[in-house]
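What follows is the residue order along each chain.
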Amino acid sequence: MSILQQLRPVRQLRRHAATLAFLVCSGSAALAAPARVSDIGPEPQLAGTLAAISQGDFTKALQQVDALIAAFPNFRLAYLIRGDLLLAQTKPLTSFGEGGKNELAKVADLHDEAVARLRALQEKPQGTALQRYLLQMEKEQKFAIVIDTRKSRLYLYKNDAGTPRFVADYYVTQGKLGAAKTAEGDKRTPIGVYHVTSSLSRKTLGDFYGSGAYPINYPNEWDRRMGRKDHGIWLHGTPSNTYSRPPKASDGCVVLANLDLDAIAGDLQIGLTPVIISDSIEWLSHDDWQAERSALLAMIDSWREDWESRDIGKYASHYSGQFLADGINTQQWIEQKRKVNASKNWIKVDVRNISMFRNPGKEEYVVVTFEQDYKSNNLSNATKKRQYWAKEDGHWKIIYEGTL
Amino acid sequence: MSPSRLSLRHILAVTFVAASLAAPAYADSLQDASKLLKQGQNKQALEQVDSYLAGRPKDASGRFLRGVILTEMNRTSEAIGIFIKLTEDYPDLPEPYNNLAVIYAQQKQYDKAKSALEAAIRTHPSYATAHENLGDIYARMASQAYDKALQLDSSNKTAQTKLSMIHDLMTVSSRGTEKPVSPPVVVAVAPVPAPAPISKPISPPPAVVAMAPTPTPAPVAAKPVEPIVKPKPEPAPASTASNDQDEVARTLSAWADAWSRKNASAYLSYYASDFKTPGGVSRSAWAEERKKRVTKPGAINVTIEGARVTPEGDKVVVRFRQHYKSASLSSSANKTLLMIRQNGQWKILQERIGG
């Protein structure tokens, strides 16, 4: 035991730890979080550093924070804690980031980042509960991404024969003004069901975007319907001068540490990988999740059968009065179908590889994507289709339908 | 963010007591070198110390002073070499570690500086200079970390602090051939001062411990001098001296109070007219230096803990733990004051770190 711990610093460290203590709702809980293979981020070490501070073990705390800095270069939060630790050796500290008093906004950002990271460690997904949004992944979709803007966290799920399994989670930055984008330049991150639409390589981007960028399809059909604007919402990396950015700092993009983006880059499939951005994740038990997806699958099958039946009334019952696709409203859509049906002796519709993702939040809609095999007496085709089903008066109705 | 004003304290070289007793002539030539250094005649000082070392290349004091001179001459890597070798040859001496730390700090190698100071403190847990310097190192390292955390451009504010090398090897506690029986262990923040190491130097040490620069004048007397610090820490006798005790305690508290209020003249008034200045510098130079320190910007808080008063003839020895806190530094150290009554007031005749 170093003499340092025996002298004056002990008292100050404890006080210092008290100022940091609010970061962890309970320090022991943070420590108790089981380590797993996916613990590749800095959170366990961060919690370890704070635990050492709480225990008044300056030497260990300094070792831990130095290890953190070595493992995650330019990790500003770690540098701030290191500064506090060292400053606590010379005077009693009264606040987190004491030495940054002239940069209060930056200190506040780092404080928020610390809180987000430590909470994520404590609240790592456990057990068998399933996220409500990932109702069904099709077999080609290897991974799905769910982002919780409230927790500044991205969760990666693997498609395990149709059931999403939690793989890893990562700290993310969202828009400066938070979530729920509605307008151009509102510095918010959209909430909704999206897909990765392309990949931009590091070479074509500036340093600001770090190791790469993956645009998503904001605004989606629902967003357009709601009059939501803006464009260029990406998942992207971090500039080289910092390991991570504050929880709220982007113009609406979702920003990951380069290490983290690199870790998930190989799992992202252009046009396939869903990116669901939520402001609060809802969990379902396996049974409830199964019931919800079965009900929806039954609806889709009922729509398919009614289409095959050529009974326009039954077919029309699946469509919302608010339907709109490429400028065609409900009435025009049904009228068109009626004309087509008149020439048909028979219709055979096959629907395969269905994926279903539910919108997070209050707006109840499900994005359904599938491969459709259409056969009839005078025409056959195979298309990839996407429908948006919304809940109206307790019933799921189609509000958009189009081919991809 | 403005970093606290940092100034590292150094040690000026000192003659080893034993050496000076054994060979006053040599000691004289070392003192001459030290004087030359102070006058800024680095080259001559180096020549002097080199000729001193020619006859006794292993001499610690001479090597130490040589290191200090080389540092002043910006021959830093040579100085580092000397101090490192001294730490190897005399691992119990805190001063070479301390000066090594000062040089490392100048080079902004704060981790190395920190390690060196920690080593100094391991040798002497109550070594105030090392504690103060360590506080400065921590503040500098903290400042660097904050710069990194908050992306501050510190390039314009890290004007190199001017470091004045201390030239004296101070006698912090026992020196000589015998090692302390055991390293004093300070348990937690115990108010009890660490017991004075019970080692017996070959010849009794002069009880003067300099707080700052310049060599301790070598005692002329060949006769053993009564050490002021008694080896056994006995409780203060609850005898006739109880009045004295109260007065001394009150004086002590008033002294700490004047210091905390940064009232330099009140603070200095607690020192005897014949106060033995550290290292024998002139009273006015000492007073000037103290005044500067006491009135430096920022709050100062000095508190005293566990004072014990022991009569010593017409004087008293007061041992206590001093907690010092300023904008740039917090330290706790054991202190010993020798006090004497002058015109009905208890005055400080001698002040030193350790106890």
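Rules of the game
- Starting from 1, residues in each chain are numbered consecutively following that chain's sequence as written.
- All chains are assigned letters beginning at A, and all ligands numbers beginning at 1, according to the order in which they are written.
- The model is predicted, so local features are restricted to residues of pLDDT at least 70 and side-chain atom pairs to those at 80 or more, both for listing and for counting; the totals for chains, interfaces and linings are taken over all residues.
- The secondary structure listing takes helices from DSSP runs of H or I that are at least 4 residues long and strands from runs of E that are at least 2 residues long, numbered from the N terminus.
- Three exposure classes are used, all based on how many other C-beta atoms lie within 10 Å of a residue's own C-beta (placed from the backbone): buried at 20 or more, exposed at 12 or fewer, and partly exposed between those limits.
- Here contacts are defined at the residue level, using C-beta atoms placed from the backbone and a cut-off of 7 Å between them.
- For a helix, the expected span equals 1.5 Å multiplied by the residue count minus one.
- As used throughout, a nonpolar core is a set of buried Ala, Val, Leu, Ile, Met, Phe, Trp, Tyr and Cys residues joined through C-beta atoms within 7 Å of each other.
- One number per residue, pLDDT, summarises how confident the predictor is, and it ranges from 0 to 100.
- Pairing between strands is defined by DSSP: at least two bridges between the two strands are required.
- Axis definition: a line fit to C-alpha positions, over the contact stretch in the case of helices; interaxial angles, taken between N-to-C directions, run 0 to 180 degrees.
- Working rule for angles: under 35 degrees goes down as roughly parallel, over 145 as roughly antiparallel, 65 to 115 as roughly perpendicular, anything else as oblique.
- Definitions for this section: a left-handed crossing has its near helix turned counterclockwise from the far helix by less than a right angle. A right-handed crossing has that turn clockwise.
- Note that Gly is not counted as nonpolar here; it falls among the polar residues with everything else outside the nonpolar set of Ala, Val, Leu, Ile, Met, Phe, Trp, Tyr, Cys and Pro and the charged set of Asp, Glu, Lys and Arg.

*Asks:* Would you explain the overall build of chain B in this entry?
*Replies:* When helices and strands are counted, chain B shows 11 helices and 4 strands. Within the span of chain B, comprising 355 residues, buried residues form 45% of the whole. For chain B, the proportion of contacts with a sequence separation of at least 24, taken over those separated by at least 6, is 62%.

*Asks:* In this structure, what is going on with helix α6 (residues 76-87) of chain A? I would like to understand it.
*Replies:* One turn of the α-helix equals 3.6 residues, which is why residues spaced by three or four share an orientation. Residues and elements named next belong to chain A. Between the first and last C-alpha of α6 there are 16 Å, a value that for 12 residues agrees with the 16 Å anticipated at 1.5 Å per step. Most of α6 sits inside the fold, with 12 of its 12 residues counted as buried. Within α6, the full set of buried residues consists of Arg76, Leu77, Ala78, Tyr79, Leu80, Ile81, Arg82, Gly83, Asp84, Leu85, Leu86 and Leu87.

*Asks:* So what exactly am I meant to see when it comes to the nonpolar core here?
*Replies:* The biggest cluster of nonpolar side chains holds 139 residues, and the ones touching the most others in it are Leu134(A), Val146(A), Ile276(A), Phe357(A), Val49(B), Ala101(B) and Leu117(B). With 12 residues, helix α8 (residues 128-150) of chain B is the single largest residue contributor to this core. Not counting chain neighbours up to four residues away, the residues in contact with Leu117(B) comprise Tyr97(B), Asn98(B), Ala101(B), Ala130(B), Asn133(B), Leu134(B) and Ile137(B). Formed by 19 residues, the second largest nonpolar core is a distinct cluster that contains Tyr271(B), Ala307(B), Val316(B) and Leu338(B).

*Asks:* Please explain the environment of Val193(A) as it appears in this structure.
*Replies:* Residue and element names in this part refer to chain A. Looking at the element boundaries, Val193 is found in strand β6 (residues 192-195). With 26 residues separating them along the chain, Val193 and Pro219 place their C-alpha atoms 9.9 Å apart. Setting aside chain neighbours within four positions, we find Val193 in contact with Asn220, Pro274, Ile276, Phe357, Asn359 and Val367.

*Asks:* Looking at this structure, how should I read the confidence of the model for chain A?
*Replies:* Caution applies to low-pLDDT parts of the model: their predicted coordinates are not meant to be read in detail. Residues and elements named next belong to chain A. Summary statistics for chain A give a mean pLDDT of 88 and a share of 90% for residues scoring 70 or more. Taken together, the stretch residues 1-19 has pLDDT below 50 and engages in 51 contacts with residues farther than four places along the chain or on a different chain. Confidence over residues 21-39 falls short of pLDDT 50; this stretch has 28 contacts with residues more than four positions distant or in other chains.

*Asks:* Please clarify how the sheet that holds strand β2 (residues 134-136) of chain A should be interpreted in this entry.
*Replies:* Strands pair in a sheet through their backbones, by hydrogen bonds, and they do so in one of two ways: parallel or antiparallel. Residues and elements named next belong to chain A. The strand order across the open sheet built from 5 strands is β2-β15-β16-β17-β18, with neighbouring strands paired in antiparallel fashion. Each edge of the open sheet is held by one strand with a lone partner, namely β2 and β18 (395-403). For this sheet the average axis-to-axis angle between neighbouring strands, irrespective of direction, equals 25°. The sheet contact formed by β2 and strand β15 (residues 347-358) spans 2 bridges and is antiparallel. Looking at the pairing, Gln136 lines up with Met356 of β15. Across the sheet, helix α10 (residues 286-309) touches β2, β15, β16 (365-376) and β18, and the angle it forms with β15 is around 155°.

*Asks:* Help me understand unusual backbone geometry in this model?
*Replies:* Excluding glycine, most residues fall at negative phi; most peptide bonds, likewise, are trans. In this chain, Tyr218(A) is followed by Pro219(A) through a cis amide linkage whose omega measures -5°. Mapping Pro219(A) onto the fold places it in the loop between β7 (213-215) and α8 (221-225). Despite not being glycine, Lys187(A) has its phi angle at roughly 55°, a positive value. On the secondary structure map, Lys187(A) appears in the loop between β5 (163-175) and β6. In this model, Asn343(B) sits at a positive phi of 50°, which is unusual for a non-glycine residue. If you trace the backbone, Asn343(B) turns up in the loop between β3 (330-342) and β4 (345-353).

*Asks:* Sorry, what's going on with the environment of Glu184(A) here?
*Replies:* All names here are of chain A. Mapped onto the elements of the fold, Glu184 is located in the loop between β5 and β6. Considering only alpha carbons, one finds Glu184 and Asp230, 46 residues apart in sequence, at a separation of 4.2 Å. Those residues in contact with Glu184 that lie beyond four places of it in its chain are Lys229 and Asp230.

*Asks:* Help me understand the environment of Val367(A) in this model?
*Replies:* All names here are of chain A. Along the chain, Val367 falls in strand β16. Each C-alpha atom of the pair Val367 and Asn220 lies 10.0 Å from the other, and the pair is 147 residues apart in sequence. Once you skip the residues sitting within four places of it in the chain, Val367 turns out to touch Val193, Phe357, Arg386 and Tyr388.

*Asks:* What is the right way to look at the packing of helix α3 (residues 42-55) of chain B against helix α4 (residues 60-72) of chain B in this model?
*Replies:* The packing of two helices is summarised by the inter-axis angle and the distance between the axes. All names here are of chain B. At a minimum axis distance of 10 Å, the contact between α3 and α4 shows a crossing angle of 160°. Taken together, the axis directions place α3 and α4 in an arrangement best described as roughly antiparallel. Considering only the axes of α3 and α4, their crossing is left-handed. Residue-level contacts link Asn42, Ala45, Leu46, Val49, Tyr52 and Leu53 of α3 to Gly62, Arg63, Leu65, Arg66, Ile69 and Glu72 of α4. The class makeup of the residues in the contact of α3 with α4 is 7 nonpolar, 2 polar and 3 charged.

*Asks:* I would appreciate a short explanation of the confidence of the model for chain B in the present structure.
*Replies:* Residues and elements named next belong to chain B. Per-chain confidence: chain B averages 70 in pLDDT, with 65% of residues scoring 70 or above. At the low end of the mean pLDDT range in chain B sits helix α1 (residues 17-22), at 38; at the high end sits helix α5 (residues 76-89), at 94. Under a pLDDT of 50 for its full length, residues 1-8 has, in the predicted model, 26 contacts with residues more than four places off or in other chains. Every residue in residues 155-165 is under pLDDT 50, and counting partners more than four places away or in other chains gives 15 contacts. In the predicted complex, the global pTM is 0.66; the interface-specific ipTM is 0.74.

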